[in-house]
Amino acid sequence: MEMTVQLTIDCADPQRLVAFWSEALGYIPEPPPAGHATWREYWAAMGVPEEELPVGAGDIPESIVDPAGRGPRVWFQQVPEPKAIKNRIHFDLKVGGGRDVPLAVRTQRVTTTVERLIKVGASVLRITDEPDMGQYAVLLQDPEGNEFDVV
């Protein structure tokens, strides 16, 4: 049996997170299935009752996919309750290149990525700068407060 993996993130504003995480991960908004102009149209054709779809749901994509087809699909599921506690699972954006890359180069790569993500809505929570341990990482949060690391 074949299995695929989807990461589902509960949120208040799926479109905002689609835009942010598309930029962060290099993903693209997932187009609706063939023969359907929108996801909402597709869901209606599948029999999802209109009352189960929040206003605007599916009018534009609420999921993102890796254009290379390697990474998992990420779906931003609209929920009524706000985020209340620290994430128990999070993204690590590994942009530094690993320990075989000099720390100064890794630091610059992380810093460049962090600066780019701040411009699209991320905020810095903590910087871990431990040159004696060969480590530089930044803990950020997305526009809805979900934590993630850039290393």
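Look up a bit, the structure's there.
All figures in this text were calculated on a predicted structure; none of them were measured in a lab. (Residues numbered from 1 in each chain as written. Predicted model: local features only at pLDDT ≥ 70, side-chain atom pairs only at ≥ 80, totals over all residues. Heavy atoms only, no water.)

**Points about helix α1 (residues 14-25)**
Within an α-helix, residues lying three or four positions from one another point in the same direction, as the helix has 3.6 residues per turn. The terminal C-alpha atoms of α1 lie 16 Å apart, and with 12 residues this matches the ideal 16 Å at 1.5 Å per residue to within 8%. Of all the residues in α1, the buried ones are P14, L17, V18, F20, W21, S22 and A24. Positive backbone phi, at 70°, marks G26, one or two positions downstream of α1. (Helix = DSSP H or I, 4+ residues; strand = E, 2+ residues; numbered from the N terminus. Expected span 1.5 Å × (residues − 1). Buried < 20%, exposed > 50% of the residue type's maximum accessible area, 1.4 Å probe, protein only.)

**Quick look at helix α3 (residues 103-119)**
Between its terminal C-alpha atoms α3 stretches 24 Å, which fits the 24 Å expected from 17 residues at 1.5 Å a residue. Listed in full, the buried residues belonging to α3 are R106, V110, T113, V114 and L117. Down the axis, α3 shows its buried residues gathered within 105° of arc, on one side only. Exposed residues lying more than 90 degrees from the buried face of α3 are A104 and K119. Contacts made by the buried residues of α3 are with α1, β5 (91-93), β6 (123-130), β7 (135-141) and β8 (147-150). Phi turns positive one or two residues past the end of α3, at G121, with a value near 120°. (Arc of directions from axis to C-beta. Contact = heavy atoms within 4.5 Å.)

**A few points about the sheet that holds β5**
The strand order across the open sheet built from 4 strands is β5-β8-β7-β6, with neighbouring strands paired in mixed fashion. The open sheet terminates on both sides in strands that have one partner only, identified here as β5 and β6. The mean angle between the axes of side-by-side strands here comes to 20°, regardless of whether they run parallel or antiparallel. The pairing of β7 with β8 spans 4 bridges and is antiparallel. Each bridged residue has a counterpart across the sheet, and for L139 the counterpart in β8 is D149. The strands touched by α3 within the sheet are β5, β6, β7 and β8, with β7 carrying the most contacts at an inclination of about 10°. (Pairing = 2+ DSSP bridges. Axes fitted to C-alpha atoms, helices over the stretch in contact; angles between N-to-C directions.)

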